[in-house]
Each structure stands twice: as structure tokens, then as C-alpha cells.
Amino acid sequence: MANIVKELLPTVTISSKGPDQIVKPIPTFQSGWQGMGSGGGSVPAYHTVSRSIRVQPWMTFETSGGCSEDIVQPARAWLSGEQAATYHCKVEISYLSSGWTLELESSPTPEGPWVEVVAFTAQTDTVVVLSSEGGSNKFSGYIRWRLPATTSDWGACFQIKATPGINVSGITMTPKIV
Amino acid sequence: MGRTVEMQPWITIRGQTGWAGIMQEVEDWLDTSRYSSAVVRVEVPCLSSCTLYLEGCDQSGGSFVVSGTFGTAVTTPSLVYLLRQAPFGASDRLSNLLRWRVVGPGSDGAWTACFRISVIFK
């Protein structure tokens, strides 16, 4: 009679950081991220950083006389919490009209409600960490950018790239399987 | 028979005073290693207070050489001829990687660039 052995748990590996930190091996996954450029390629365990996601390529918006409606990022390019619990977002704003704002907002569902997570009011080249596991910029579900309506001439030129990462404030790692 | 590649679709970028410039993203640099020559077609209908450079390098970590410089807007496309074999000057050589870079005036003011770049390979 054949002995059938079912493995109920994957093999655990002791982290090199210390005997008390037992980390479940993170399965390799393909970086099939949305965005331009060549994707693919497996990522070894412990390295949750994959190829960066081009959330918004360099884009310039301009108008004269204002804009009566918000300009919102198309849904197909929204970042999703299904891919990673934490994103390190590089936000480059080479031009932003005075008094105007570029917002990153989040919602648990595509339908909303959308809540502002972080706002930029001036030219910048910065990295913000957005995490669903806590921290100062907490998001839930989906992330998108938004340019609010205005009654005056305005312009904005910016790029946003994101790299999935880990929330280094804790030792708990949440593997994401794609 | 040659092959045409759109190295950069129409793009408009702006920078406020102090923003040094914008370089084409690494993922979009053009790999030309399979070709022996290229004609780079650059359309620049708008270029204000900045310079558009076409640069080449044989490897991403190496030193980039300027293959073309565009300092003013033009109404007709400009062509840059690049060859992989001698005789050629350093700026006429077709490197393995091509990229564009826009450099603004730095602290001297804002800038704007609108352009498109296509490459015909052979």
C-alpha cells in the first residue's frame, strides 16, 4: 500500500537575521507588472523588489482658463494591493502650477470612496512609501493619482514609478503570489 | 530591408526653474546592437530654453557620447546618420544603446520640450 504523504506546510527556512525569525519561503513569481518596457523574470526569496512599475510615464497637462472636472488616472493603470502590500513610489514633478495639487489617493474598491493619501503642491523628486500594513501613508486596495479641478490656468508635468517592497518596520513578511 | 522603430512617441515635458532636466527612462533606451546603421529622425516643433540631446553608449554603465544636439525648434524633421563601422567620428558611431536627454537652464528659468524620435535601422 502506497504511503501517501501530504505536505501540509512548505519547508520553513531560518532567516539569516536570527534564530527567532522564521520566515516562510517566498515563492518565486513572475514580475508581470503593468507598464511599458520588458517585464518578466523570476525573483528569488527574500528579495521582494522587482522591476519598477511605470504608474505614470512623463506626462504634461496644461490648460488655459481652468478645468471644471478633476483629472483622474485611468483605471487600467491604478496600483493594486493585490500585487504588493507596500509600494515605494518615486514621484517626480518637474512642473506644477502654483496653487495646484497632485494627489495620490486610495480606495478599498474601484468604485470608491477615494481618500487622499499624500498630496504634492510643488516641484519635487521624492520617494514615498505607501503601505497597507500601516505607516504614515496607508493605502487600502487601490492607488491612483488625481489632479483636482481648478478655475485658473494650470499646468503639471510629472512621472510616477513604483516598486513593490516590504514594510521594513516589522519582521513579518507577507508573501504575494502572482 | 530596414526597420523603423519609434524611439520616443510624441511627448511634451516641462520643467520649472531649478529642474535640471529629464532623461529617457532606462527601460526605453533603444538597443541597436543588431543593426549596422541607423537614421534617427527627430521632430522638434517646440523647444524653449532647453536642449535635446541624442546620446549613445555601448553599455548602460558606460560613458554616453552625444550623437545629436537640438537647441531650437524646427519646422522640418532633422536626420542624424549613425554608422557602426569606420570611417566615422566619435559622434557618428552607432552605439549599442541610444537614449535622449533634455537639459534645462537650471536656475535660469523654466523650459518646455515637445518632440518625437523615430529610428530607421538597416
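Residues numbered from 1 in each chain as written. Chains lettered and ligands numbered in written order. Predicted model: local features only at pLDDT ≥ 70, side-chain atom pairs only at ≥ 80, totals over all residues. Heavy atoms only, no water.

Of all hydrophobic cores here, the largest spans 32 residues; its most connected members are B:I13, B:V40, B:L52, B:W100, B:V102 and B:F115. Listed by contribution, the elements that provide at least two residues to this core are β1 (3-15), β4 (37-48), β5 (51-57), β7 (78-83), β8 (97-103) and β9 (111-121) of chain B. With 6 residues, the single largest contributor to this core is β9(B). When near neighbours in sequence (up to four residues on either side) are disregarded, B:V40 contacts B:L54, B:S78, B:L79, B:V80, B:L82, B:L98, B:I117, B:S118 and B:V119. Counting residues in hydrophobic clusters, the runner-up holds 28 residues, among them A:I53, A:V55, A:W100 and A:L104. (Core = buried A, V, L, I, M, F, W, Y, C linked by side-chain atoms within 4.5 Å. Buried < 20%, exposed > 50% of the residue type's maximum accessible area, 1.4 Å probe, protein only. Helix = DSSP H or I, 4+ residues; strand = E, 2+ residues; numbered from the N terminus. Contact = heavy atoms within 4.5 Å.)

A few words on the pattern of salt bridges. Following the criterion strictly, the structure yields 16 salt bridges over all chains and no others. Here B:R14 makes a salt bridge to A:E62, at a shortest N to O gap of 2.7 Å. Taken as a pair, B:R14 in strand β1 and A:E62 in strand β3 (residues 53-63) lie in two separate chains rather than in one. B:D58 serves as the salt-bridge partner of B:R93, at 3.1 Å between the closest nitrogen and oxygen. Taken together, the residues span a long stretch of sequence, with B:R93 in the loop between β7 and β8 and B:D58 in the loop between β5 and β6 (65-70) at a distance of 35 residues. Residue class for B:R93 comes out partly exposed when judged on its relative accessible area of 25%. Exposure remark for B:D58: the relative accessible area of 37% places this residue in the partly exposed category. (Salt bridge = Lys/Arg side-chain N within 4 Å of Asp/Glu carboxyl O.)

A few words on the interface of chain B and chain A. One frequent convention defines the size of an interface as the accessible area lost when the parts assemble. Across the contact, 13 residues belong to chain B and 19 residues belong to chain A. Carbon and sulfur atoms make up 50% of the area that chain B and chain A hide from each other, which totals about 1,400 Å². Of all residues in chain B, B:R14, B:Q16 and B:W19 give up the largest surface area on contact with chain A, accounting jointly for 49% of the area buried on that side. There are 5 salt bridges connecting chain B and chain A. Our count for the contact surface shared by chain B and chain A stands at 11 residue pairs in polar contact (both at pLDDT 80 or more). When residues in the side of chain B that touches chain A are grouped by element, the largest group, 5 residues, is from β1(B). Grouping the amino acids of the side of chain B that touches chain A by side-chain chemistry returns 4 nonpolar, 5 polar and 4 charged. (Buried area = accessible area lost by both parts, 1.4 Å probe. Polar contact = N/O pair within 3.5 Å; in protein donor to acceptor, adjacent residues only side chain to side chain. Nonpolar A, V, L, I, M, F, W, Y, C, P; charged D, E, K, R; others polar.)

To continue, consider the pairing of strand β11 (residues 154-165) of chain A. All names here are of chain A. Judged by how many residues are buried, β11 sits mostly within the fold: 12 of 12 residues are covered. Burial of the side chains of β11 extends over both faces: W154, A156, F158, I160, A162 and P164 are buried on one face and G155, C157, Q159, K161, T163 and G165 on the other. Judged from the 8 bridges that link them, β3 and β11 form a sheet pairing that is antiparallel. Considered in β11, the bridge of I53 is made with A162. Judged from the 10 bridges that link them, strand β6 (residues 86-96) and β11 form a sheet pairing that is antiparallel. Within β11, the residue paired with H88 across the bridge is T163. (Pairing = 2+ DSSP bridges.)

What follows concerns the confidence of the model for chain B. Chain-level pLDDT for chain B is 92 on average; 99% of the residues reach the 70-or-more range. ipTM for the predicted complex: 0.84, alongside a pTM of 0.74. (pLDDT = per-residue confidence, 0-100.)

Quick look at empty space enclosed by the protein now. Residues and elements named next belong to chain A. What the rule picks out here adds up to 2 cavities of 30 Å³ or more. In terms of lining residues, the second largest cavity is bounded by V55, Q73, L79, C89, L104, L130, I143, R144, W145 and I160. Here the lining of the second largest cavity is built from residues that sort into 8 nonpolar, 1 polar and 1 charged. (1 Å grid on protein atoms, 1.4 Å probe; cavity = no way out; pocket = protein on both sides within 12 Å on 5 of 7 lines; lining within 4 Å. Points joined across faces, edges and corners; volume = space filled by probe spheres on them.)

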